[in-house]
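Observations on the three-dimensional arrangement
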Amino acid sequence: MKLEKLFLEKTGNAPVFLARAPGRVNLLGEHVDYNDGIVLPVALEQEVKLVAAPAREGIVNLYALDLQEQVSLRLVDLDIKVDIDGKPLPEWAYYPAGTAWSLWRAGLHISGLSVVYTSSVPIGAGLSSSAAVEMGFAVLWQAAGGWKLDRLELARLCQKAENEYVGVACGLMDQFASACGVAGHALFFDTRSLRWQPEPLPEGYAIVIADSGVRRRLSGSEYNERRASCVEAVDILKEHGLKITALRDVSPVEFAAYSNILPPMVRKRAEHVVKEIARVETAISALRRSDARAFGALMFSGHASLRDLYAVSTPELDALVEIARQLPGCQGARLTGAGFGGCTVNLVKESDLEGFITELPRRYLKQTGRQAKVYRTEAAPGASAILL
Ligand code: GLA
């Protein structure tokens, strides 16, 4: 049933606003966005869709269609995370509530709204379903509030929601990609200067997502632990006289000279970050000269580094990458997003696409007993909202 009709059914009113916000797949530059690094995500066709209408002043009614859940809350209670009956907010409501909280803290007007929403971004699959929800609500409240903020600024407020309200110390990449996506393009984003630029995707190649079927929860402490190791590396390197503020400031050569002062585990984590940033730099030049083979090789080495140094892969993701490597037309494959489950991203020659999409899940099933969902995706534009 159409979202507008469902809205009418749930609330008795016709919706006034329609918003959408995409998920993202990251081509390269993993776990570097909280190290001031550079990243290369693509906004996806998979997206969150929301319809909304004004509600009683100060009240937000949320209907999460996919979860078949609903909750109402008072905007004045955002800080204490309770619903209208004083019960703790369910976890899924932290994303919209956190977004409202963050916008409100920035002094922006947040109005009472009833919102019905659904998402085609799989949850916990490394495709930024939560950033898409946050961005969707942010553009919705922007449209309803009659104010206008720069996209990147909105993305930062959504990141703040995730950092401080949800409690995941994520970087800015996901919210940025959902806010700033450009159809047909990857997004080269410098998370330090916040400068970014769309980069055309290589012609004749497809971006293919392979979902391992294993889900993760990002708020699991592992993500925050990785981030803490990076901070520790910076602190130790600073104690030894390096004038740095983030791992971004350490070149691979410098790292090699200093790495033995780091404890073994911290050294491995930092080595991934330093080399991954260098990989993105090389990958950008490969992309600009349409060298898909060179680009793909960097994806493969990025995966090995996430597996061996950053320790965020799983046997299923490793299997998907290794099988992909054997298939004709596959230039590169790697896990995408935080890891610990979720998806791989593959760069595949269009002429070999069909075979790849049939063969990868077939061999994966044989090897692991699991079903993988494998599909091509197109780069989509960033979040938007309109008045119906
Ligand atoms: C998650 C976070 C991002 C980024 C990636 C890893 O998606 O939300 O900020 O750190 O993991 O690259």
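Since we're looking at a predicted model, the values are computed, not measured.

Re the domain arrangement of the protein
Along its sequence, the protein is carved into domain 1 (3–200 + 381–387) and domain 2 (205–377). Using C-alpha coordinates to define each centre, domain 1 is positioned 26 Å away from domain 2. On the side of domain 2, 47 residues touch domain 1, which itself brings 40 residues to the contact. In this structure, the salt-bridge partner of R192 is D249, at a minimum N-O distance of 2.6 Å. Linking domain 1 with domain 2 are 25 residue pairs in polar contact (both at pLDDT 80 or more), by the criterion used here. Sorting the residues of the side of domain 1 that touches domain 2 by element identifies β1 (17–26), β2 (38–39), β3 (41–54), β7 (185–190) and β8 (196–200) as the ones contributing at least two each. A per-element tally of the side of domain 1 that touches domain 2 places β3 first, with 4 residues. Of the residues in the side of domain 1 that touches domain 2, the class split is 19 nonpolar, 11 polar and 10 charged.

Looking at the packing of aromatic side chains
Counted by the stated rule, this structure contains 7 aromatic pairs. A centroid spacing of 5.0 Å and a plane angle of 90° characterise the contact between Y117 and F137, whose relative ring orientation is edge-to-face. Residue Y117 is found in strand β6 (residues 113–119), and its partner F137 is found in helix α3 (residues 129–145); the two are separated by 20 residues along the sequence. We note that Y117, like F137, is buried. Seen in terms of ring centroids, F176 and W196 are 5.5 Å apart; in terms of plane orientation they differ by 70°. Their pairing is edge-to-face. Of the two residues, F176 sits in helix α5 (residues 173–180) while W196 sits in strand β8, which places them 20 residues apart along the sequence. Classification of F176 as buried rests on a relative accessible area of 0%. An aromatic cluster of at least three residues, connected via ring pairs, comprises Y94, W101 and Y165.

Digging into α3
Helical geometry note: an α-helix holds 3.6 residues per turn, so side chains three or four residues apart project in the same direction. Between the first and last C-alpha of α3 there are 24 Å, a value that for 17 residues agrees with the 24 Å anticipated at 1.5 Å per step. Across the 17 residues of α3, 14 count as buried, placing the element largely inside the fold. Just downstream of α3 lies G146, where phi reads positive at about 70°.

Description of the sheet that holds strand β11 (residues 343–349)
Sheets are built from strands that pair by backbone hydrogen bonding, the pairs being arranged parallel or antiparallel. As summarised here, the arrangement of the 4 strands in space is β10-β11-β9-β12, forming an open sheet in which the pairing is antiparallel. Where the open sheet ends on each side, the last strands, each with one partner, are β10 (330–335) and β12 (373–377). On average, adjacent strands in this sheet sit at an angle of 20° to one another, irrespective of strand direction. Where strand β9 (residues 205–211) meets β12, 5 bridges bridge the pair, whose relative direction is antiparallel. Of the residues in β12, the one forming a bridge with D211 is K373.

Side note on the site of the ligand
Residues in close proximity to the ligand include R24, E30, H31, D33, Y34, C170, G171, M173, D174, Y223, G337 and A338, which together make up its full environment. In this structure, an oxygen atom belonging to the ligand sits 2.6 Å away from a side-chain N or O atom of E30. At a separation of 2.6 Å, an oxygen atom of the ligand approaches a polar side-chain atom of Y223. Contact with the protein chains removes 99% of the 310 Å² of surface that the ligand exposes when unbound. Here the ligand occupies the largest pocket. For the shell around the ligand, the residue count by class is 5 nonpolar, 3 polar and 4 charged.

Some details on the pairing of β11
Most of β11 sits out of view: 6 of its 7 residues are buried. Of the strand pairs in this sheet, β9 and β11 are connected by 7 bridges, and their pairing is antiparallel. Looking across to β11, one finds that I209 is bridged to V345. Here 5 bridges tie β10 to β11, and the two strands are oriented antiparallel to one another. Opposite A333, over in β11, you have N346 as the bridge partner.

What to know about the pattern of salt bridges
Tallying each qualifying case throughout the model produces 22 salt bridges. Here K275 and E271 are joined by a salt bridge, their closest N and O atoms 2.7 Å apart. Of this pair, K275 and E271 both sit in helix α8 (residues 264–288), separated by 4 residues, roughly a single helical turn. Residue K275 is classed as partly exposed on the basis of its relative accessible area, which comes to 37%. The residue E322 makes a salt bridge to R325 at a minimum N-O spacing of 2.9 Å. Placement of both E322 and R325 in helix α10 (residues 315–326) is noted, with a separation of 3 residues, approximately one turn of the helix. The partly exposed category is assigned to E322, whose relative accessible area is 30%. R325 gets classed as partly exposed once you look at its relative accessible area, which sits at 37%.

Each value, and the rule that gives it
Counting of residues starts from 1 at the beginning of each chain's written sequence and follows it residue by residue. Totals for whole chains, interfaces and linings use all residues, but because this is a predicted model, local features are given only for residues with pLDDT of at least 70 and pairs of side-chain atoms are given and counted only at 80 or more. Excluding hydrogens and water, the side-chain figures rest on all heavy atoms present in the structure. Residue ranges assigned to each domain were obtained from an automatic or database domain assignment. Whether two residues are in contact is decided by their heavy atoms, any of which lying within 4.5 Å being enough. The term salt bridge refers to a side-chain nitrogen of Lys or Arg lying within 4 Å of a carboxyl oxygen of Asp or Glu. In protein, a polar contact requires one atom able to donate a hydrogen and another able to accept it; more generally it is a pair of N or O atoms within 3.5 Å, and residues adjacent in sequence count only if both atoms are side-chain atoms. Helix and strand definitions follow DSSP, with helices as H or I runs of at least four residues and strands as E runs of at least two, each counted in order from the N terminus. Any residue that is not Ala, Val, Leu, Ile, Met, Phe, Trp, Tyr, Cys, Pro, Asp, Glu, Lys or Arg is counted as polar, Gly included; the first ten are nonpolar and the last four charged. Aromatic contacts are taken between Phe, Tyr and Trp rings whose centres are within 6.5 Å, Trp giving its six-membered ring; a plane angle under 30 degrees counts as stacked, one over 60 as edge-to-face, and the others as tilted. The buried label applies to any residue whose accessible area, calculated with a 1.4 Å probe on protein chains only, is under 20% of its type's maximum; exposed applies above 50%, and partly exposed to all values in between. Take the residue count of a helix, subtract one, and multiply by 1.5 Å to get its expected span. At least two DSSP bridges between two strands are required for those strands to pair. Under this scheme, a helix contributes an axis fitted over its contacting stretch, all axes are lines through C-alpha atoms, and angles between N-to-C directions fall in the 0 to 180 degree range. Proximity is defined per residue: any heavy atom of the residue falling within 4 Å of a molecule or strand makes that residue near it. Shrake-Rupley sampling with a 1.4 Å probe provides the accessible areas, and residues are treated as covered by the protein chains on show and by no other component. Using only the protein atoms, space was sampled on a 1 Å grid; points where a 1.4 Å probe fits but cannot get out form cavities, open sets with protein on both sides within 12 Å along at least five of seven lines form pockets, and lining residues are those with an atom within 4 Å of a point. Any molecule with more than half of its atoms within 2 Å of a cavity's or pocket's grid points is regarded as sitting in that cavity or pocket.

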